[in-house]
Structure formats: C-alpha cells, structure tokens
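Next come the chains, spelled out residue by residue.
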Amino acid sequence: EHTSRREAETLREVAELIASQGDLAESLERVAVLSAELLGMDDCSPVVRGRGELGLASSNDPDEERLWLAALVRLRPDAEEGPPSFEPLVVPDASVDEDLGALAPHGCGSLIMIPLIQGMRVRGALVLSSSKRSLHPSSRRVALAGTIGREVSLALDNAFLLQQARTRAANL
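If you're wondering where the values come from, they're calculated on a predicted model, not measured in any experiment. (Residues numbered from 1 in each chain as written. Predicted model: local features only at pLDDT ≥ 70, side-chain atom pairs only at ≥ 80, totals over all residues. Heavy atoms only, no water.)

Caption draft 1: Here's a closer look at the side chain of T10. Mapped onto the elements of the fold, T10 is located in helix α1 (residues 2-19). Overall, the relative accessible area of 10% leaves T10 in the buried class. In this view, T10 contacts L34 and L38; residues no more than four positions away in its chain are not counted. (Helix = DSSP H or I, 4+ residues; strand = E, 2+ residues; numbered from the N terminus. Buried < 20%, exposed > 50% of the residue type's maximum accessible area, 1.4 Å probe, protein only. Contact = heavy atoms within 4.5 Å.)

Set out below in structure tokens:
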C-alpha cells in the first residue's frame, strides 16, 4: 500500500509540473528526477531534440548527444512497423551495449529510456540510469514509466504549439 501511495503521489506531482506554465526545461528536469526516484534509478537526463522549436536552450553536452543517438536508434520503429511506441526501453547492462558502452566509465550500469513522442516521431527521451548492472524493473514500474512518458510527450506537444503561436504572432 505504501508503494502504491508513493507512485500515486509521484504521478500527481508529475501531472502538476506538466500542467504548470512554468519553465519547461526545469519541469523536464524535475520530472526526470521524480521518475528516477520512483523507478529506483541513480541518475537521469531529459534528452530532447529540436530544443529551439520548443523554446529551450540548446545543449552542447557530448554525453547528451550520445544518449540521443543511442535512444533514437532503439526507440524509433522501422517505417513499416507503424508509429513509435510509448513503451519504455530497459537496457539491463549498458557496458556491453555497442553504443552505450562509452557511458559505463561514468558509472552507468543499467538504463531505462522513456520515449517522448510528438506526432509520428520520437522527439526525445527521459534517460534514467543506475550504477547497478542487470537491473530488471517490474512490468508495473515499466508501465508507470510509460505513463510518465505519455504525459511529458503531451507537454512537449503543447510547448511546440505555443512556440509556433508565438513565432506567428511575432511575424504579424
């Protein structure tokens, strides 16, 4: 019962953050932290492509770029498979992964990549990491991560639409 209450409180806090009109970058960071805590992970990073289109500052972090490329390869489906899935991807041991192995010296053992979808494309991911290897979260926890990903994806859609409206208004 304590776990269910904690999960519900975290989801409520995530929903409030997403619904707020506060700073999107801060909200994404806080949602990533809450997600990491909820799923028992040590660290987190919201990785978003096209930051300028969302009114976010760009990032020059090479690890973020590496995470983005690795996440994109794993989270986007082939064209004939249909639209991308909101299903989080669990990487139990990043050290043996060809693309993610470079993150192992930074203490990254296991990863959960929560896709952020806009329209028919993967826009980013909440990348949660743990120093533990062979991490296998329960299906319930993975489903919670998917719920958080869908909520954050809606917030990104709204931020994109708001930025477009502001750009149009400025051009009038």
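Caption draft 2: Broad picture of the sheet that holds strand β3 (residues 110-118). Sheet architecture is open: four strands sit in the order β1-β4-β3-β2, paired in antiparallel fashion. Two strands in the sheet have a free side with no partner beyond their single neighbour: β1 (43-48) and β2 (89-91). Each adjacent strand pair in this sheet contributes to an overall mean axis angle of 20°, direction not counted. Docked against the sheet, helix α2 (residues 24-38) engages β1 and β4 (121-130), running at close to 140° with respect to β1. (Pairing = 2+ DSSP bridges. Axes fitted to C-alpha atoms, helices over the stretch in contact; angles between N-to-C directions.)

Caption draft 3: Focus on the nonpolar core. In this structure, V31, M41, L126, L128, I148 and V152 are the most contacted members of the largest nonpolar core, which totals 27 residues. Among the elements of the structure, α1, α2, β1, β3, β4 and α4 (139-171) are those that each provide at least two residues to this core. Residue contacts for V31: discarding those within four places in its chain leaves V14, L17, I18, L126, I148 and V152. Judged by nonpolar contacts, the second largest core, of eight residues, contains A94, C108, M113 and A125. (Core = buried A, V, L, I, M, F, W, Y, C linked by side-chain atoms within 4.5 Å.)

Caption draft 4: A look at the environment of I18. Take I18: it is sitting in helix α1. A sequence separation of 13 residues divides I18 from V31, and the C-alpha atoms of the two residues are 8.3 Å apart. Setting aside anything within four residues of it in sequence, one finds I18 in contact with V31, E151, V152 and A155.

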